[in-house]
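Summary of the model geometry
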Amino acid sequence: MRVAIAGAGAVGRSIARELIVAGHDVLLIDKAAEAIRPEQVPDAEWLLADSCELSSLEEARLQQCDVVIAATGDDKVNLVTSLLAKTEFGVPRTVGRVNHPDNEWLFTEAWGVDVNVSTPRIMSALVEEAVSVGDLVRLFTFRKGNANLVEMVLPDDSPFVGTPAGLIPWPENCALVTILRDGQVYLPDGDQPIESGDELMFVVAAEVEAELERMLAPRPDRN
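What comes next concerns the included structure. Since we're looking at a predicted model, the values are computed, not measured.

Scanning the protein chain from terminus to terminus reveals five helices and 11 strands. Buried residues in the protein chain amount to 48% of all 223 residues. Nonlocal contacts in the protein chain, meaning residues at least 24 apart in sequence, comprise 56% of its contacts between residues at least 6 apart. Surface summary for the protein chain: the accessible area is close to 11000 Å², and the carbon and sulfur share equals 51%.

Written out as structure tokens, the structure is:
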């Protein structure tokens, strides 16, 4: 997946590193020459350009991107970048960083923003989620508990589609905490089945994440 990130400051570089580790191709864009620091993220592409200018986005080949992340410290820039990415280049997924809570109401599909978020880990996780049904996405780390908040969109071929949550043999140190379905929140009580397309959220120990992923979305390359 090719991802362009507008804003090569600390936030943009942090997102870039996580996405590169996940195997994605990343382009960092910034109009400030002092922000262009290839030695800080050597595996990324870098472009000195203004993401609010059409000519700059053409130079960045935005039409070839799967995701654009507007991660600058200026909400106006993030909105314009998202709008141009969506309307002029047809980018399938845009993620916008909200710097000031009072501006959050602007970060909607009307402005070309598919998802508005404010932290590097959640931004990269949402990018992953957009294209990774059946993959476990880490949303948050509980630093003192050796556990993570993770999410998975249940694929059609999962062996547990239609199975009540209470009858599923979850791994040890793993708890299903929420089921999101059709915009509604469901408590994972014993009788509540999980269905294809459900967004399942777990608190799970890091060492059993891979086991949970293999269990819910078995694939030949995971055996």
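This is not the end of the story, as more comes after the structure.
Turning to the packing of aromatic side chains, a few remarks are in order. Taken as a whole, this structure holds one aromatic pair when the rule is applied. Between Trp170 and Phe202, the aromatic rings sit 5.3 Å apart at their centres with planes inclined by 70°, giving edge-to-face as the arrangement. Note that Trp170 is positioned in the loop between strand S8 (147-153) and strand S9 (174-181) and Phe202 in strand S11 (residues 199-205), a separation of 32 residues in sequence. Residue classification places Phe202 among the buried residues on the basis of a relative accessible area of 0%.

To continue, consider unusual backbone geometry. Of note, Arg61 is a non-glycine position whose phi angle comes to about 55°, a positive value. Given a relative accessible area of 32%, Arg61 falls into the partly exposed group. With a phi angle near 60°, Asn173 is a residue other than glycine that sits in the positive phi range. With respect to the helices, strands and loops of the structure, Asn173 is situated in the loop between S8 and S9.

This part takes up helix H3 (residues 75-87). Think of an α-helix as 3.6 residues a turn; residues three or four steps apart then line up on the same face. In this model, H3 (13 residues) spans 18 Å end to end at C-alpha, consistent with the 18 Å of a helix rising 1.5 Å per residue. Residues Asp75, Val77, Asn78, Leu79, Thr81, Ser82, Leu84 and Ala85 constitute the buried set of H3. Check the buried side of H3 and you find it contacts strand S1 (2-6), helix H2 (54-59), strand S4 (67-70) and strand S5 (93-97). Backbone nitrogen of Lys76 and a side-chain oxygen of the N-cap are separated by 2.9 Å at the start of H3; the cap is Asp74.

Taken in spatial order, the six strands line up as S3-S2-S1-S4-S5-S6 in an open sheet, and their pairing is parallel. Strands at the two margins of the open sheet, each flanked by one partner only, are strand S3 (45-48) and strand S6 (115-117). Averaged over all adjacent pairs, the angle separating strand axes in this sheet is 20°, with direction ignored. Lying on the sheet, H3 is in contact with S1, S4 and S5; it crosses S5 at an angle near 175°.

For the rest of this paragraph, the subject is the environment of Ile168. Mapped onto the elements of the fold, Ile168 is located in the loop between S8 and S9. Ignoring anything within four residues of it in the chain, the contact list for Ile168 reads Phe160, Thr163, Ile194 and Met215.

Another point: the pattern of salt bridges. Across all of its chains, the model carries four salt bridges by this definition. Put simply, Lys86 and Asp114 hold a salt bridge, and the shortest N to O gap is 2.7 Å. Residue Lys86 is located in helix H3, and its partner Asp114 is located in the loop between S5 and S6; the two are separated by 28 residues in the primary sequence. A relative accessible area of 25% means that Lys86 is categorised as partly exposed.

What counts as what
Residues numbered from 1 in each chain as written. Predicted model: local features only at pLDDT ≥ 70, side-chain atom pairs only at ≥ 80, totals over all residues. Heavy atoms only, no water. Helix = DSSP H or I, 4+ residues; strand = E, 2+ residues; numbered from the N terminus. Buried < 20%, exposed > 50% of the residue type's maximum accessible area, 1.4 Å probe, protein only. Contact = heavy atoms within 4.5 Å. Areas by Shrake-Rupley, 256 points an atom, 1.4 Å probe, with all protein chains shown as cover. Phe/Tyr/Trp six-rings, centres within 6.5 Å; stacked < 30°, edge-to-face > 60°. Expected span 1.5 Å × (residues − 1). Polar contact = N/O pair within 3.5 Å; in protein donor to acceptor, adjacent residues only side chain to side chain. Pairing = 2+ DSSP bridges. Axes fitted to C-alpha atoms, helices over the stretch in contact; angles between N-to-C directions. Salt bridge = Lys/Arg side-chain N within 4 Å of Asp/Glu carboxyl O.

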